[in-house]
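Coordinate analysis (summary)
Chain by chain, the residues run as shown.
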Amino acid sequence: MNGFLRDARHVEFVKAVDLSLEFVECLKGSPTFDLVYKVKRDDTMYVLKAAKRIASHFWFLCFERNALREAVDVPGITHLVTDYGRVNGDYSAFLKEYAEGFRFSLDRIPSSYHPDLKSQLTDTIRALNENGYFGLDIVDRNLVVSHDLETITLIDAFYVSRFPSTDMDIEAVNALFS
């Protein structure tokens, strides 16, 4: 395994946040800015997200955490599991569900599945918009399709906004499936 992925600092950081979590891999980040880890607890995979309170990414982490707190009944997203608040000195962190599957890529999905997946994603976006969240980052890197091609999940609401612009979010969904 790549040395960066098993860097002792990452393993230590995960344990400092929650002793019940087992580090699996670093999905993104450096300890000086923002961190995204795949972690495990009792054979269930999760995502641990953290950001240094002085980093620019800290505010995006807060926006996403707040959106996940309020969107508990929205289908098609990775839901908040635990909000750790301030941890390890200067960081804020939360744990959310992990979506099994592959990153969205239209050419990897047979066209017969497109209408159902597009409908699911549109329903998710509308539900988030109804909860007051707009300007979502609807791009392929933020979507996971289950291996059986039955579900699509928004895994990152990094650029969540409270300013109404539903057309922009639906246009982004349409662009993905065109």
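Below or above, wherever it landed, is the structure these notes cover. None of the values given here were measured: they were computed from a predicted structure.

Helix and strand content of the chain: four helices and eight strands. Listing each helix as α and each strand as β along the chain from the N terminus yields α-β-β-β-α-β-β-β-α-β-β-α. Pairs at least 24 residues apart make up 58% of the contacts formed inside the chain by residues separated by at least 6 positions. Of the roughly 9,100 Å² of accessible surface on the chain, 51% is carried by carbon and sulfur atoms.

Inspection of every chain in the model, using the stated rule, returns four aromatic pairs. Centroid distance Phe-13 to Tyr-91: 4.9 Å. Interplanar angle 65 degrees. Geometry classified as edge-to-face. Of this pair, Phe-13 sits in helix α1 (residues 8–17) while Tyr-91 sits in strand β5 (residues 91–97), and the two are 78 residues apart along the sequence. Both residues of the pair, Phe-13 and Tyr-91, count as buried. Ring plane angle 70 degrees and centroid distance 5.7 Å describe the contact between Phe-23 and Tyr-37, whose orientation is recorded as edge-to-face.

Quick look at helix α2 (residues 57–70) now. Under the 1.5 Å per step criterion, the end-to-end length of α2 is 20 Å for 14 residues, consistent within 8% with the ideal 20 Å. Every buried residue of α2 is accounted for by Phe-58, Leu-61, Cys-62, Glu-64, Arg-65, Ala-67 and Leu-68. Check the buried side of α2 and you find it contacts β3 (44–52), β4 (80–87) and β5.

Before going further, it helps to spend a moment on the sheet that holds strand β6 (residues 102–103). Taken together, three strands build an open sheet; the order of strands is β6-β7-β8 and the sheet is antiparallel. The open sheet has two edge strands with one neighbour each: β6 and β8 (152–154). As paired strands, strand β7 (residues 143–145) and β8 are joined by three bridges and run antiparallel to one another. Its bridge partner being in β8, Val-145 is matched across the sheet by Ile-152. Across the face of the sheet, helix α3 (residues 114–130) comes into contact with β7 and β8 while running at roughly 30 degrees to β8.

Attention now goes to the side chain of His-10. If you trace the backbone, His-10 turns up in helix α1. A polar contact is formed between the side chain of His-10 and the side chain of Tyr-37, at a distance of 2.6 Å.

Taking burial as the measure, the seven residues of β5 include six buried ones, the bulk of the element. For β3 and β5, the ladder comprises seven bridges, and the chain directions are antiparallel. Within β5, the position partnered with Lys-49 by the bridge is Phe-94. The loop that links β4 with its antiparallel partner β5 comprises three residues; one of these, Asn-88, has a positive phi angle of about 45 degrees.

Another aspect to go through is the environment of Val-39. Counting through the fold element by element, Val-39 comes out in strand β2 (residues 34–41). Distance in space between the C-alpha atoms of Val-39 and Glu-25 is 7.0 Å, their sequence separation being 14 residues.

Attention now goes to the pattern of salt bridges. A complete count under the given rule lists eight salt bridges for this structure. The salt bridge involving Asp-18 is made with Arg-41; its shortest N-O contact spans 2.9 Å. Remark: Arg-41 occurs in strand β2 and Asp-18 occurs in the loop between α1 and β1 (22–29); sequence separation between them is 23 residues. One exposure class covers both Asp-18 and Arg-41, and it is buried. Measuring nitrogen to oxygen at the nearest pair gives 3.2 Å for the salt bridge that ties Lys-49 to Asp-156. Residue Lys-49 is found in strand β3, and its partner Asp-156 is found in the loop between β8 and α4 (166–176); the two are separated by 107 residues along the sequence.

Conventions adopted
Residues numbered from 1 in each chain as written. Predicted model: local features only at pLDDT ≥ 70, side-chain atom pairs only at ≥ 80, totals over all residues. Heavy atoms only, no water. Helix = DSSP H or I, 4+ residues; strand = E, 2+ residues; numbered from the N terminus. Contact = heavy atoms within 4.5 Å. Areas by Shrake-Rupley, 256 points an atom, 1.4 Å probe, with all protein chains shown as cover. Phe/Tyr/Trp six-rings, centres within 6.5 Å; stacked < 30°, edge-to-face > 60°. Buried < 20%, exposed > 50% of the residue type's maximum accessible area, 1.4 Å probe, protein only. Expected span 1.5 Å × (residues − 1). Pairing = 2+ DSSP bridges. Axes fitted to C-alpha atoms, helices over the stretch in contact; angles between N-to-C directions. Polar contact = N/O pair within 3.5 Å; in protein donor to acceptor, adjacent residues only side chain to side chain. Salt bridge = Lys/Arg side-chain N within 4 Å of Asp/Glu carboxyl O.

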